[in-house]
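Each chain, letter by letter, is given below.
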Amino acid sequence: MSQYQENTPTNTTRNFAQIGNNKIAFWHRPAPNATTIVLVHGNSASKAAFRPLFENPALKQFALYALDLPGCGESGDAIDTAAEYNMPGLAKTIMGFVDNLSLENYFILGWSLGGHLCIEMLARGASPQGVILTGTPPCGPALAEVGEIFLPVVGAEVTGMVDATPAQLETFATTMFAPNLPSAEMLAAVNRADGRLRGGIFEYLIAHQDEKPQRQTIAETKIPIALIQGNNEPFFDPKLVDKLAYGNLWRGATQWIEGAGHAPFIDSPDEYAKLIAEFVD
């Protein structure tokens, strides 16, 4: 188990769930409303990225759960890295988390890698009430598709690196949390992350080009999908997500947050939380 620790938000408890081989850390903030939102963080981040949402009054009526993926935050590193440090393995862990806690009537929010994992969950039969994607361009596993949408920005190479240096991790975090500088908490989370997770995801992608395309999944699903996106997204051309086909896109269009980057729930938490509440209600 990681010795890394995060401060828990007000009215929130830190808990652990045994999911397969993994002891998964999570925050839980209860609410009288039966509707639950599960929050899934991005590559080399942690549940603490969602601190602004736990503290936002617009979401106080909803029960919130935010988990740390294996190898991230307060969760332990994966025991079986070959089976768990890849898209299907991580998606199964999240599905196991939902089952373990008997969550019903839940919505799921995926940020960056977390959004790709939500799409992977849909492909594997998960049935949330709705999905919120932020900083996630549905694509892959076709390498040409991935290469078309992602931009060669500074720090992006770290997403697939096992042995990134502290300087490389700081550069990655600076891009990830721009236009703001990454907080000390977010820098600590990025440095805590198990680099084998990043390497495993990349290696699996290269070796499994026959997996179901994510764009096919979002086009076929009837589960509502909300796209909430900063217009200053650094890792990919955000306008490309508008050109994709969706089976059930909320309001028929991407919801743009002006001036926000890859993490609009940090850059503009009030506007972001308001959109979540409108979607979930």
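Residues numbered from 1 in each chain as written. Predicted model: local features only at pLDDT ≥ 70, side-chain atom pairs only at ≥ 80, totals over all residues. Heavy atoms only, no water.

### Topic: the overall build of the protein chain
Condition: A run of H or I in DSSP becomes a helix once it reaches four residues, and a run of E becomes a strand once it reaches two; helices and strands are each numbered from the N terminus. Our radius of gyration looks at C-alpha atoms and nothing else; its globule reference is 2.2 Å times the residue count to the power 0.38. For the exposure calls, accessible area comes from a 1.4 Å probe over protein chains only, and a residue counts as buried if that area is under 20% of its type's maximum, exposed if over 50%, partly exposed in between. Contact criterion: two residues are considered in contact whenever any of their non-hydrogen atoms come within 4.5 Å of each other. For the accessible areas, the method is Shrake-Rupley and the probe is 1.4 Å, while residue cover comes only from the protein chains on display. Note that His is not counted, nor are the chain ends; the positive residues are Lys and Arg, and the negative ones are Asp and Glu. The atom standing in for a charge is NZ when the residue is Lys, CZ when it is Arg, CG when it is Asp and CD when it is Glu.
When helices and strands are tallied, the protein chain shows eleven helices and eight strands. In terms of overall dimensions, the protein chain is globule-like: its C-alpha atoms have a radius of gyration of 17 Å, near the 19 Å expected for 281 residues. For the protein chain, the spread of C-alpha atoms along the three principal axes comes to 45 × 45 × 35 Å. Burial analysis of the protein chain (281 residues in total) assigns 58% to the buried set. The contacts in the protein chain between residues at least 6 apart in sequence include a share of 73% that link residues at least 24 apart. Split by element, the accessible area of the protein chain, about 11100 Å² in all, is 51% carbon and sulfur. Charged side chains in the protein chain number 18 positive and 30 negative. The centres of these two groups are separated by 4 Å.

### What about the packing of helix H6 (residues 166–177) against helix H7 (residues 184–192)?
How we decide: Helix axes are fitted to C-alpha atoms over the stretch in contact, other axes to C-alpha atoms as well, and angles between N-to-C directions run from 0 to 180 degrees. Angles are sorted into four bins: roughly parallel if under 35 degrees, roughly antiparallel if over 145, roughly perpendicular if 65 to 115, and oblique for all others. Handedness of a crossing follows from how the near helix is turned relative to the far one, being left-handed for an anticlockwise turn of less than a right angle and right-handed for a clockwise one. The classification used treats Ala, Val, Leu, Ile, Met, Phe, Trp, Tyr, Cys and Pro as nonpolar, Asp, Glu, Lys and Arg as charged, and all other residues, Gly among them, as polar.
The interhelical angle for the contact between H6 and H7, taken along N-to-C directions, is 130°, at an axis separation of 10 Å. By the angle between their directions, the pair H6 and H7 is classed as oblique. Helix-helix and strand crossings are classified by hand; for H6 and H7 the assignment is right-handed. Two secondary-structure elements touch here, H6 through Pro166, Leu169, Glu170, Phe172, Ala173, Met176 and Phe177 and H7 through Met186, Leu187, Val190 and Asn191. Grouping the constituent residues of the contact of H6 with H7 by class yields nine nonpolar, one polar and one charged.

### A look at the sheet that holds strand S1 (residues 13–19)
We apply this condition: A pair of strands is labelled paired if DSSP reports no fewer than 2 bridges between them.
Across the sheet, which stays open at both edges, the eight strands sit in the order S1-S2-S4-S3-S5-S6-S7-S8 with mixed pairing between neighbours. On the outer flanks of this sheet lie S1 and strand S8 (255–257), each paired with one strand and no other. Geometrically, the sheet is characterised by an average inter-axis angle of 25° between neighbouring strands, direction not taken into account. Those strands touched by helix H3 (residues 87–100) are S1, strand S2 (22–29), strand S3 (36–40), strand S4 (63–67) and strand S5 (106–111), and its axis lies near 110° from that of S1. Running over the sheet, helix H11 (residues 269–280) touches S3, S5, strand S6 (130–134), strand S7 (225–230) and S8 and is turned about 160° from S6.

### Things to note about a nonpolar patch on the surface
Put simply, the test is: Excluding any residue in a salt bridge, patches collect residues exceeding 30% relative accessible area, merging like charges within 9 Å and nonpolar Val, Leu, Ile, Met, Phe, Trp and Tyr side chains within 5 Å. What makes a salt bridge here is a side-chain nitrogen of Lys or Arg within 4 Å of a carboxyl oxygen of Asp or Glu, nothing more.
Taken together, the side chains of Leu143, Phe202 and Ile206 make up a nonpolar region of the molecular surface, amounting to roughly 270 Å² of accessible area. With respect to the helices, strands and loops of the structure, phenylalanine 202 is situated in helix H8 (residues 195–207).

### Remarks on the nonpolar core
Note the cut-off: Residues grouped as a nonpolar core are buried Ala, Val, Leu, Ile, Met, Phe, Trp, Tyr and Cys residues, joined through side-chain atoms within 4.5 Å.
Within the largest apolar cluster, 88 residues are counted, with the highest numbers of intra-cluster contacts made by Phe97 and Ile276. When sequence neighbours within four positions are dropped, the list of residues in contact with phenylalanine 97 reads Ala17, Ile19, Ile24, Phe26, Val38, Tyr65, Leu67 and Leu103.

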